[in-house]
Amino acid sequence: MGRRGGHDVFQTIEKQGALLSASLSVDLLDSALYTNGNPYQVWRAMREAGPVHHHVAKTGSQFWAVVGHEAGQRVLTDWKVFTSSRGAMLREEDNSAPYPGAGKMPILTDPPRHTELRRAVARLFTPRAVRNLGALASEVAGSLLADLRARGGGDFATDVAAKFPLAVQAEILGIAPEDLPLVLDATGRSVDEAEHAASGHHDVMAYFLKAIGTRRSEAGRDLIDALLTARAGGLSLSDEEIVLTCDNIVVAASQTAQHAASGSLLALLEHPEAWKALREGRVGVGSAVEELLRWTAPATHAMRTAVCDTELAGTTIRAGEAVAVWLPSANRDGTVFADPDELVLDRSPNPHLTLGAGPHLCLGAALVRVLLRALLEDLIGADTSLALANPPTWQSTWVINRMRSLPVTVVPA
Ligand code: HEM
């Protein structure tokens, strides 16, 4: 299990194993649980006790924690029973309180409105559109990594991974190159807890509100253009909905992918045999990308609210109750994945839930794969390699699995 398994709290919980009454002794919204990244031992103990648990966090947040793959897949796909319109992420206190932006942005709507909003922007992110970004992704990855190598090493998380996704997507998202640091800072705050998140979202939305005001073009080249074109074509869409949709997409686009990139490098450095097989071409890059997505799983959970009483894996969920699918846990479900705690770069099939499932399946799914492929190909083709200079550090937060630093040094290949 590598270094994450070394944490004392985890070891204690590990020893308790299946005897752990997860809902009694674990608080999934305790940030300290995430100090070393995703708490896989906790989730394993929960899965051994069952796929669905009633959970009460110390902050008062109450929800059903879904830790099994099959039950998680059902929640994410069965949108008629599990609505997104009352929040898609847990809150620290009351999960039934009105959710800001509900019904006005893709992630917080159900079909048919969701289908309309998603269709308005989908053409920017089709596999074909995204393939065209492949050359740019290679160029950006090459240049960031060349800088890092020229300095003999550095912090991969901040010097490379943080800058990479947004730099590649800047043009389709409609962000001027000189504004990238500002947007990156604002999206970073958006995935913090509580008040920082509000100020982050505020700044992202202010940025796009200004852009709508100054640009009414319908050239269809970037996000705002796509939304304005859809409105001109008859879709009812307020300025507020446009700005919220931009916020939804830009935060998702810049944050999760960077943590998948850092997590992927760490996974390879911690598994030298797998890394060697990849470098020697004994494992394909495509399957490696899928396994690294399964392994890193930066989005910790996806929340839904039951609209009626229902049964989920033998548990009765009542109308109005919050349900959170813990995606990294579903990815380690031994009933679906053989050797779930092993990094198997040629794993196939690999039905991980890292990018969600159902109508809200990540809009950037194709793009993420292009980004990770570009990074891996550069690392594989380089005539030097990277090694850990110091242990990585993680941000303690249950909102998203975030690496704060990944210090690396350049070593012979
Ligand atoms: C490795 C990187 C990424 C991960 C782990 C990830 C994860 C996810 C997950 C789990 C969902 C579903 C949430 C839910 O069902 O509640 C989602 C949705 C979404 N993602 Fe990603 N994402 C990543 C990268 C991106 C990128 C690069 C974009 C850029 C366009 C993006 C845009 C979105 C959007 C707009 C949604 C909402 C889709 C909808 O509601 O229809 N994501 N993502």
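One can find the structure itself at the top, above this paragraph.
Here goes a summary of the coordinates provided. Remember, it's a predicted structure, so these values are computed and weren't measured experimentally.

Examining the site of the ligand
Link 1 in the chain: In the vicinity of the ligand, 28 residues are found, and the nearest of them are H114, R118, R304, H360 and C362.
Link 2 in the chain: Take P106: an N or O atom from its main chain is 3.5 Å from an oxygen atom of the ligand.
Link 3 in the chain: The separation between an oxygen atom of the ligand and a polar side-chain atom of R118 is 2.7 Å.
Link 4 in the chain: Those elements giving two or more residues to the shell around the ligand turn out to be helix 5 (113–122), helix 13 (239–270) and strand 5 (301–306).

Comments concerning unusual backbone geometry
Link 1 in the chain: With omega at 5 degrees, the peptide bond leading from P111 into P112 counts as cis.
Link 2 in the chain: Residues other than glycine seldom take positive phi values, yet A297 does so here, at roughly 35 degrees.
Link 3 in the chain: You can see A297 is positioned in the loop between helix 15 (285–296) and strand 5.
Link 4 in the chain: Accessibility expressed as a relative area gives 0% for A297, which makes it buried.
Link 5 in the chain: A positive phi angle, close to 50 degrees, is found at A313, a residue other than glycine.
Link 6 in the chain: Inspection of the secondary structure puts A313 in the loop between strand 6 (310–312) and strand 7 (315–317).
Link 7 in the chain: Accessibility expressed as a relative area gives 52% for A313, which makes it exposed.

Considerations on the packing of aromatic side chains
Two aromatic rings are characterised by how far apart their centres lie and by the angle between their planes.
Link 1 in the chain: If you walk through the whole model with that rule in mind, you get five aromatic pairs.
Link 2 in the chain: When the centroid spacing of 5.8 Å and the interplanar angle of 80 degrees are considered together, the rings of Y40 and W43 count as edge-to-face. Here Y40 pairs with W43, and both are found in helix 3 (residues 40–49), just three residues apart, close to one helical turn.
Link 3 in the chain: Its relative accessible area of 0% is what places W43 among the buried residues.
Link 4 in the chain: In this structure, R332 packs its charged tip against the face of Y40, placed 3.7 Å from the ring centre.
Link 5 in the chain: Note that R332 overlies the ring of W295, its terminal NZ or CZ placed 4.0 Å from the centroid.

What about the pattern of salt bridges?
Link 1 in the chain: Counting across every chain of the model gives 19 salt bridges.
Link 2 in the chain: The residue R113 makes a salt bridge to E116 at a minimum N-O spacing of 2.9 Å. Pair noted here: R113 and E116 are both in helix 5, with a separation of three residues, about one helical turn.

Some details on helix 13
Link 1 in the chain: Over its 32 residues, helix 13 runs 47 Å from end to end, which matches the ideal 46 Å to within 8%, given 1.5 Å per residue.
Link 2 in the chain: Where burial is concerned, most of helix 13 is hidden: 27 out of the 32 residues are buried.

As for the sheet that holds strand 12 (residues 407–412)
Link 1 in the chain: Strand order in this open sheet of three strands is 4-12-9, and the pairing throughout is antiparallel. Two strands close off the open sheet at either side, each with one partner strand: strand 4 (153–155) and strand 9 (384–388). This sheet shows a mean twist of 30 degrees between the axes of neighbouring strands, independent of strand direction.
Link 2 in the chain: Of the pairings in the sheet, the one linking strand 4 to strand 12 comprises three bridges and is antiparallel in character.

What to know about the coordination of the iron atom of the ligand
Link 1 in the chain: For the iron atom of the ligand, the sole protein-derived donor is C362 (SG), lying 2.3 Å away.
Link 2 in the chain: Relative to the elements of secondary structure, C362 occurs in the loop between helix 16 (327–330) and helix 17 (365–381).

Focus on the environment of E241
Link 1 in the chain: On the secondary structure map, E241 appears in helix 13.
Link 2 in the chain: With 140 residues separating them in the primary sequence, E241 and G101 have C-alpha atoms 8.2 Å apart.
Link 3 in the chain: Dropping the residues within four chain positions of it, E241 is found in contact with G103, K104, R113 and S236.
Link 4 in the chain: Of the polar contacts made by the side chain of E241, one reaches the side chain of R113; its length is 3.2 Å.

What about the nonpolar core?
Link 1 in the chain: One finds L28, F164 and W326 to be the most contacted residues of the largest nonpolar core, which totals 107 residues.
Link 2 in the chain: When near neighbours in sequence (up to four residues on either side) are disregarded, F164 contacts A137, V140, A141, L144, L371, A374 and L375.
Link 3 in the chain: The next biggest cluster of nonpolar side chains, apart from the first, holds 18 residues, and it includes W64, L312, V325 and L353.

Details of the pairing of strand 8 (residues 322–326)
Link 1 in the chain: With five of five residues buried, strand 8 is to be regarded as a mostly interior element.
Link 2 in the chain: Burial along strand 8 is two-sided: A322, A324 and W326 facing one way and V323 and V325 facing the other are all buried.
Link 3 in the chain: The pairing of strand 2 (residues 62–66) with strand 8 spans three bridges and is parallel. Paired with W64 across the strands is V323, a residue of strand 8.
Link 4 in the chain: Bridging between strand 5 and strand 8 involves five bridges; their strand directions are antiparallel.

A closer look at the sheet that holds strand 8
Two orientations exist for strands paired in a sheet by backbone hydrogen bonds: parallel and antiparallel.
Link 1 in the chain: Pairing is mixed across the open sheet formed by five strands, whose spatial order is 1-2-8-5-3. If you trace the sheet from one side to the other, it starts and ends with strand 1 (52–56) and strand 3 (82–83), each paired once.
Link 2 in the chain: On top of the sheet, helix 4 (residues 69–77) reaches strand 1, strand 2, strand 3, strand 5 and strand 8; it is set at about 125 degrees to strand 8, its chief contact.

About the thresholds
Residues numbered from 1 in each chain as written. Predicted model: local features only at pLDDT ≥ 70, side-chain atom pairs only at ≥ 80, totals over all residues. Heavy atoms only, no water. Near = heavy atom within 4 Å. Polar contact = N/O pair within 3.5 Å; in protein donor to acceptor, adjacent residues only side chain to side chain. Helix = DSSP H or I, 4+ residues; strand = E, 2+ residues; numbered from the N terminus. Buried < 20%, exposed > 50% of the residue type's maximum accessible area, 1.4 Å probe, protein only. Phe/Tyr/Trp six-rings, centres within 6.5 Å; stacked < 30°, edge-to-face > 60°. Lys NZ or Arg CZ within 6 Å of the ring centre and 35° of its normal. Salt bridge = Lys/Arg side-chain N within 4 Å of Asp/Glu carboxyl O. Expected span 1.5 Å × (residues − 1). Pairing = 2+ DSSP bridges. Axes fitted to C-alpha atoms, helices over the stretch in contact; angles between N-to-C directions. Donors = N, O, S within 2.8 Å, 3.2 Å for Na, K, Ca; no water. Contact = heavy atoms within 4.5 Å. Core = buried A, V, L, I, M, F, W, Y, C linked by side-chain atoms within 4.5 Å.

Scope: geometric values only; no functional claims are made or implied.
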